[in-house]
Amino acid sequence: MQLEIRPDPAEVGRARRWARSRLAGSGIGDEEPLAETLILLVSELVTNAVVHTGCPAVLRLSLPRGTAEPSTVRLEVADTSDRAPVPRCAGDEATGGRGLALVDGLADRWGWSVEGAGKRIWCELDRCAEPGAAEADDGGAEQRRGVEECRGVEECRGAVPVGPEPAYGGFAYEAV
C-alpha cells in the first residue's frame, strides 16, 4: 500500500489518517499498542520528509493479512532528496530534532538506503501473538511461551530479512 505525499505540512495528518484506515484490514486493532506506535512513526518519518527535504515523498506500508500471529509491519518513506537523514542531539528546550531518536527507540529495526536520485527511510515493528490467540490444554502455558519467545525477539526479529531490498512475502499491497 502506498500514498503519495506532497511537500506540505498538512500532509502529515493525511498520512496518519490513511495509515490508520489501512490497519483494520490487516487485523491490527486500534486498541493495540502497535497501532499507536505505527501512527507515531508515520508521523515522524513523513514530517521529516516534508520539513527537511521540501520534496514530494511516497509512504509505503507493508501490513500482515488479518492474522494475530507474530508478523512484521514495515513502514517506508521514499523521497527525491539526496540528503542523508542525520540524527540530531536536541537540547532540553528544543521543540524539534527528536524524530529519528523516536524512530530508533520505538522501531525494532530501522535504516535508510539510496533509492534512485533520492533515498528510502524504513522501519519495522514486530507484532507478537495476541494474548488469548492460542489455546492450550495446560491452562495457557503454550500461549505464554509464544509471547515470551516474541519478547525475546529472536522469533519476531527473524521473521523478515533486513537488507536494502524489502522482503514482501505474505504482505498485501494496494496502489492508491
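See the structure shown above.
A brief structural summary. (Residues numbered from 1 in each chain as written. Predicted model: local features only at pLDDT ≥ 70, side-chain atom pairs only at ≥ 80, totals over all residues. Heavy atoms only, no water.)

**Considering the side chain of Ser 26**
Here is step 1: For Ser 26, the position within the fold is in the loop between α1 (11-23) and α2 (33-53).
Here is step 2: Here the side chain of Ser 26 touches Leu 23 through a polar contact of 2.6 Å, landing on its backbone oxygen.
Here is step 3: Within the structure, Ser 26 has its side chain in polar contact with the backbone nitrogen of Ile 28 (distance 3.3 Å). (Helix = DSSP H or I, 4+ residues; strand = E, 2+ residues; numbered from the N terminus. Polar contact = N/O pair within 3.5 Å; in protein donor to acceptor, adjacent residues only side chain to side chain.)

**Notes on the pattern of salt bridges**
Here is step 1: Per the stated rule, a full pass over the model turns up 14 salt bridges.
Here is step 2: Where Arg 60 meets Glu 115, a salt bridge forms, and the shortest distance between an N and an O atom there is 4.0 Å. Taken together, the residues Arg 60 in strand β2 (residues 57-64) and Glu 115 in strand β4 (residues 109-115) connect sequence positions 55 residues apart.
Here is step 3: Note that Asp 79 is salt-bridged to Lys 119, the shortest N-O span being 2.9 Å. With Asp 79 in strand β3 (residues 71-79) and Lys 119 in strand β5 (residues 118-127), this residue pair connects regions lying 40 residues apart in the sequence. Assigned by exposure class, Asp 79 and Lys 119 land together as buried.
Here is step 4: One network of salt bridges, with partners in common, ties together Arg 60, Arg 74, Glu 76, Arg 109, Glu 115, Arg 120, Glu 124 and Asp 126. (Salt bridge = Lys/Arg side-chain N within 4 Å of Asp/Glu carboxyl O. Buried < 20%, exposed > 50% of the residue type's maximum accessible area, 1.4 Å probe, protein only.)

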